[in-house]
Amino acid sequence: MHATRSGAVAVGLAVLAALVTGCSDVERLLNQGGDTPCRDYVNQEPDTKRITITKAIKEQTGNDNEPAGTVVDAMIVQVDLLCAGQRNIDTPIKNADIAGLFLNK
């Protein structure tokens, strides 16, 4: 019983932390960044897409600094276009293939 109670307390603390710090902080931690499949990416809300793309840029560059807003905006447009044309919806956004827009794979 003690382990169950400890688990419940841990979950409660995690929920409390999410409420205090804001959902976007938790979402940033759980977000898959460049590993997000197109299937999931295209269904994300605009704010979540921005978080996903920002994380993907940080992963790609190896730089933990926030990328310029114009860089994020440009990549959002590019990934939106690429994922819309992907025949394999499981393709991670970091591997989105522009040829998928034009070629029948």
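The paragraphs below set out a description of the structure included in this document.

Volume-wise, the second largest pocket comes out at about 170 Å³. Taken together, 11 residues form the lining of the second largest pocket, with Gln 60, Met 75, Val 79, Ile 93 and Lys 94 sitting closest to its centre. Elements with a minimum of two residues in the lining of the second largest pocket: helix H4 (46–61) and helix H5 (69–84). Top contributing element to the lining of the second largest pocket by residue count: H5, with 4 residues. Residue composition of the lining of the second largest pocket, grouped by class: 6 nonpolar, 3 polar and 2 charged.

Turning to the packing of H4 against H5, a few remarks are in order. In the contact formed by H4 and H5, the axes pass within 9 Å of each other and the chain directions differ by 105°. Here H5 runs roughly perpendicular to H4, going by the angle between their axes. Where H4 abuts H5, its residues Lys 49, Arg 50, Ile 53, Thr 54, Ala 56, Ile 57 and Gln 60 lie against Gly 69, Val 71, Val 72, Asp 73, Met 75, Ile 76, Val 79 and Asp 80. Considering only residue class, the contact of H4 with H5 consists of 8 nonpolar, 3 polar and 4 charged.

Where charged atoms from two side chains of opposite charge approach closely, those side chains can pair. Counted by the stated rule, this structure contains 5 salt bridges. With its nearest N and O atoms 2.5 Å apart, the salt bridge here joins Asp 35 to Lys 94. Of this pair, Asp 35 sits in the loop between helix H2 (23–30) and helix H3 (38–41) while Lys 94 sits in the segment after H5, and the two are 59 residues apart along the sequence. Note on Lys 94: relative accessible area 53%, which makes it exposed.

Calculation criteria
Residues numbered from 1 in each chain as written. Predicted model: local features only at pLDDT ≥ 70, side-chain atom pairs only at ≥ 80, totals over all residues. Heavy atoms only, no water. 1 Å grid on protein atoms, 1.4 Å probe; cavity = no way out; pocket = protein on both sides within 12 Å on 5 of 7 lines; lining within 4 Å. Points joined across faces, edges and corners; volume = space filled by probe spheres on them. Helix = DSSP H or I, 4+ residues; strand = E, 2+ residues; numbered from the N terminus. Nonpolar A, V, L, I, M, F, W, Y, C, P; charged D, E, K, R; others polar. Axes fitted to C-alpha atoms, helices over the stretch in contact; angles between N-to-C directions. Parallel < 35°, antiparallel > 145°, perpendicular 65-115°, else oblique. Contact = heavy atoms within 4.5 Å. Salt bridge = Lys/Arg side-chain N within 4 Å of Asp/Glu carboxyl O. Buried < 20%, exposed > 50% of the residue type's maximum accessible area, 1.4 Å probe, protein only.

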